[in-house]
Amino acid sequence: MPGPMGGQNGAQAPKVKDFKGTTKKLVKDYLAKYKIALVIVVIFAIGGTIFNIVGPKILGNATTEVFNGIVNKLSGGTGIDFGKIAGILFTLLGLYVISALFSLIQGFTMTSIAQKLTYKLRNDIAIKLNKLPMKYFDKKTNGEVLSIITNDIDTLSQNLNQSITEIITSICTVIGIIIMMLSISVTMTIVSFVILPVSIIIVKAIVKKSQKYFKKQQEYLGHVNGQVEEIYGGHIVVKAFNGEKAAIENFTKANKELYSSGWKSQFLSGLMHPLMMFLGNVGYVAVSVIGGYLAIQGKITVGNIQSFIQYNKRFTQPIAQVAQVSGMLQAMVAAAERVFEFLEEDEEVKEADKNIDVTKLQGNVEFKSVKFGYNDNRTIINNFSANIKKGQKIAIVGPTGAGKTTIVKLLMRFYDVTSGEILVDGHNIKDFKRGNLRKMFGMVLQDTWLFGGTVKENIKYGKSEANDNEVIEAAKAAHVHHFIKTLPKGYKSVLNEESSNISAGQKQLLTIARVILANPKILILDEATSSIDTRTEIQIQEAMDNLMKGRTSFIIAHRLSTIKNADLILVMDHGDIVEQGTHEELLEKQGFYADLYNSQFEDEEKGA
C-alpha cells in the first residue's frame, strides 16, 4: 500500500463536478450496450468469490478430521480416516478450480468490455476532432487535447476494468466472510469486529495527517518537472546569460521541499501497514484464545478455529480494496467527465448542401461588407469589401494584428463571418460543403507541415490518386526534383528518418509541390518566404510563380518588395482596408502603404 488506503502514490483522486450525472451517462450511453456481458461478469464474479470463500471452511473440516483421528488413535481407536480427508481435499481442489475458471471468464469478459468501450470512445473522439470549429483549438492547448485522447481514455479503460470486478468481488467477499464467521461462532465474530473501528480510526488519522504532505509533494513535483523542462529547453539562453547558478539554486530549493514533503508523506503512509499488522495480530491472539476456550467447552471444533482465523485474516483485505477502488472510481469518472465534455463541445455550423459543382468555378472572389470578431467583445474585421477577378494576384499587407491572416481563415471557412458575405463566382461560401469549398484552395504557409512518410506520400497528400509522373512533374515545377534525387531513396525516402537534415527551404518547396499537384483554383500564400534566406527565397519565389500561373492568388507578406508585381494590393489596418491599388499607384498616393514601404526600405538599407 504505497499511500493512504493503497492509493496511487497517495495522490488525491481528481475532483468530479457531477459524479452522479457522469456515471449515469457512462452507464446509459456506453455500458448499457454490453449489459449481457456485464451480467455474465457479475454472475461469474459472484460465483468465483463464493467458491473461494467456502474453501477455508472445508479445509477446516479436514483439520478437524486429522485432529479427531489423532485423538481417536490415542484412545485406542482406528486413527485418521485418510480416505475421508482425501475426499475433502479433492472437493476443495475442485472448488478452487471452478473458482479460478469463473474468475478467468469474468476477467476475460470485463477486459473485452473495457477495450471495446475504449475503442468506441477513441473513434468518437477522432470523429469529433474533425467536427470542432477552429475557435475550440484557439482556447485549448495541444497538450490538453492530447491528454484527453491518451491519458483520460487510458485511465477510464484501466479503472473500469479493475473497479467493477473489484467492487463486486470485494462486496461478495465481505458479506460471504461475515456469514461464514457467524456460522462458526457469533462470539468470535463480535471480538473480530471490535478491532475494526480501532483500525478505521487509525487509518483516518494517518490519512488526515499525510494527505497535506502528499498534496505538497505533488505540487513540488510539478515545480521540479517544470524547472527541468524549462531549463533543458532553454539551456542555450541559460548558458549565454550565465544563469547556471540561479537555475541550480532554484532547483535545489524546490527539490528540498519535494524531499521534505515526500519523506513525511511516505513515512506516514508507511506506518499504516505495520500498525494494521499489529492490530491484526492482536485480533488473531484474541480469536485464538476465545476459540481455544470454546473448543475446550466443545462448542466448536479445532478445524473451525483454523477456518475462522483464515476468514478473520481475509476480512480486512476486501475492505481495503473497497477504499482503494473508491479512488479508482473517482479517477475513472473524472476522466469520463473530461471525455464527455470534449464530445459535447459545440461543433461547426451544419453544412449547406446545394450541390454546387466546384469544377466549373473560375475563381472570382468577392467580400461584401464583411465583419468578424473571434469573440463578441472585439471586432477584428470591420466592413471589409473587395472584388477579385479570376487569375489576379492579390497581396494583403499591413502591420501585425491588422487582420491579414483572419481574411484567409474566413475565406476557407475556418471561421464564419459575423455579418456580410464572401462569394466565390457569385455563390456564398456558406452554400458549399466545407470539403468541396476547400478543394478549390491550395495553401502554402510560413510553418511547413510534413508528416512521417515518404517524400512521394507527402507530395500526394492533396491528391492521393496522382500517379508517379504527376508527382515528378509537380516536383520539377516546384524546383525540388533535383534535391529529391539526391536523397538516399529518392521519392521513397522517409522524411522523419532518412531525411532529418532537410532544410526549412527544402521543406517549403515540398509543400509547394504538394499544392501544384493538387491543382487548386485559388491559392493562399501566407508569409511563405518570411523565414527563408535570400538565395532560397529566389528559388521558392520561382516555384511560387509557376504555382500562381492562371490562378487567383492571395499573398500575405511582410516583405513588401516581394509583392510589387501584384495586380491588386489591399492595405489593411485595424481590420479595415485603408488603401487599395497597384504598387505604383499606392506609392504615388504617399499614404499608409508608402509609409510602410519606405520604412521597410530604410530598415533594409540600414541592415545592409
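Since the structure is predicted, the reported quantities are computational estimates derived from the model, not experimental observations. (Residues numbered from 1 in each chain as written. Predicted model: local features only at pLDDT ≥ 70, side-chain atom pairs only at ≥ 80, totals over all residues. Heavy atoms only, no water.)

Observations regarding the overall build of the protein chain
Broken down by element type, the protein chain carries 18 helices and ten strands. Counted over contacts in the protein chain with a minimum sequence separation of 6, partners at least 24 positions apart contribute 78%. As displayed, the protein chain offers around 33,100 Å² of accessible surface, 58% of which is attributable to carbon and sulfur atoms. (Helix = DSSP H or I, 4+ residues; strand = E, 2+ residues; numbered from the N terminus. Contact = heavy atoms within 4.5 Å. Areas by Shrake-Rupley, 256 points an atom, 1.4 Å probe, with all protein chains shown as cover.)

Considerations on the packing of helix α13 (residues 468–477) against helix α15 (residues 504–518)
Helix packing for two helices is described by the angle between their axes and how far apart those axes are. Relative to each other, α13 and α15 sit at 125 degrees, their axes nearing to 8 Å. As judged from the angle between their axes, α13 and α15 are oblique. Like other packed secondary-structure pairs, α13 and α15 cross with a definite hand, here right-handed. For the pair α13 and α15, the contacting residues are Glu470, Val471, Ala474, Ala475 and Ala477 in the first and Ala513, Ile516 and Leu517 in the second. Looking at the contact of α13 with α15 residue by residue, the class counts come to seven nonpolar, no polar and one charged. (Axes fitted to C-alpha atoms, helices over the stretch in contact; angles between N-to-C directions. Parallel < 35°, antiparallel > 145°, perpendicular 65-115°, else oblique. Left-handed = near helix turned anticlockwise from the far one by under 90°. Nonpolar A, V, L, I, M, F, W, Y, C, P; charged D, E, K, R; others polar.)

Details of empty space enclosed by the protein
The final tally for this structure, using the stated rule, is one cavity of 30 Å³ or more. The wall of the largest cavity is formed by Leu410, Arg413, Tyr415, Asp416, Val417, Ile422, Asn428, Ile429 and Lys430. Within the lining of the largest cavity, the residues separate by chemical class into five nonpolar, one polar and three charged. (1 Å grid on protein atoms, 1.4 Å probe; cavity = no way out; pocket = protein on both sides within 12 Å on 5 of 7 lines; lining within 4 Å. Points joined across faces, edges and corners; volume = space filled by probe spheres on them.)

Comments concerning a nonpolar patch on the surface
The grouping of Phe90, Leu93, Val97, Leu101 and Leu104 at the surface amounts to a nonpolar patch, some 540 Å² of accessible area in total. By the secondary structure assignment, Leu101 is in helix α3 (residues 82–129). Judged by relative accessible area, which is 47%, Leu101 ranks as partly exposed. (Patch = residues over 30% accessible without salt bridge, like charges linked within 9 Å, V, L, I, M, F, W, Y side chains within 5 Å. Salt bridge = Lys/Arg side-chain N within 4 Å of Asp/Glu carboxyl O. Buried < 20%, exposed > 50% of the residue type's maximum accessible area, 1.4 Å probe, protein only.)

A few points about the packing of aromatic side chains
Overall, the coordinates contain six aromatic pairs when judged by the stated rule. Over the face of the ring belonging to Phe340 we find Lys25, whose NZ or CZ atom lies 5.5 Å from the ring centre. The cationic tip of Lys33 hangs over the ring face of Tyr30; the distance from NZ or CZ to the ring centre is 5.8 Å. (Phe/Tyr/Trp six-rings, centres within 6.5 Å; stacked < 30°, edge-to-face > 60°. Lys NZ or Arg CZ within 6 Å of the ring centre and 35° of its normal.)

Focus on the sheet that holds strand β5 (residues 427–428)
Across the sheet, four strands lie side by side as β2-β1-β4-β5; this open sheet has antiparallel pairing. The two strands at the open ends of the sheet, each matched to only one other strand, are β2 (381–388) and β5. Sheet contacts for helix α10 (residues 404–411): β1 (365–372), β2 and β4 (419–424); angle to β1, the most-contacted strand, approximately 110 degrees. (Pairing = 2+ DSSP bridges.)

Points about α15
Across its 15 residues, α15 extends 21 Å between first and last C-alpha, which sits within 8% of the 21 Å expected from 1.5 Å per residue. Counting buried positions over the 15 residues of α15 gives eleven, a clear majority of the element. Listing the buried residues of α15 in full gives Gly505, Gln508, Leu509, Leu510, Thr511, Ile512, Ala513, Arg514, Val515, Ile516 and Leu517. Following α15 by one or two positions, Asn519 adopts a phi angle in the positive range, close to 55 degrees. (Expected span 1.5 Å × (residues − 1).)

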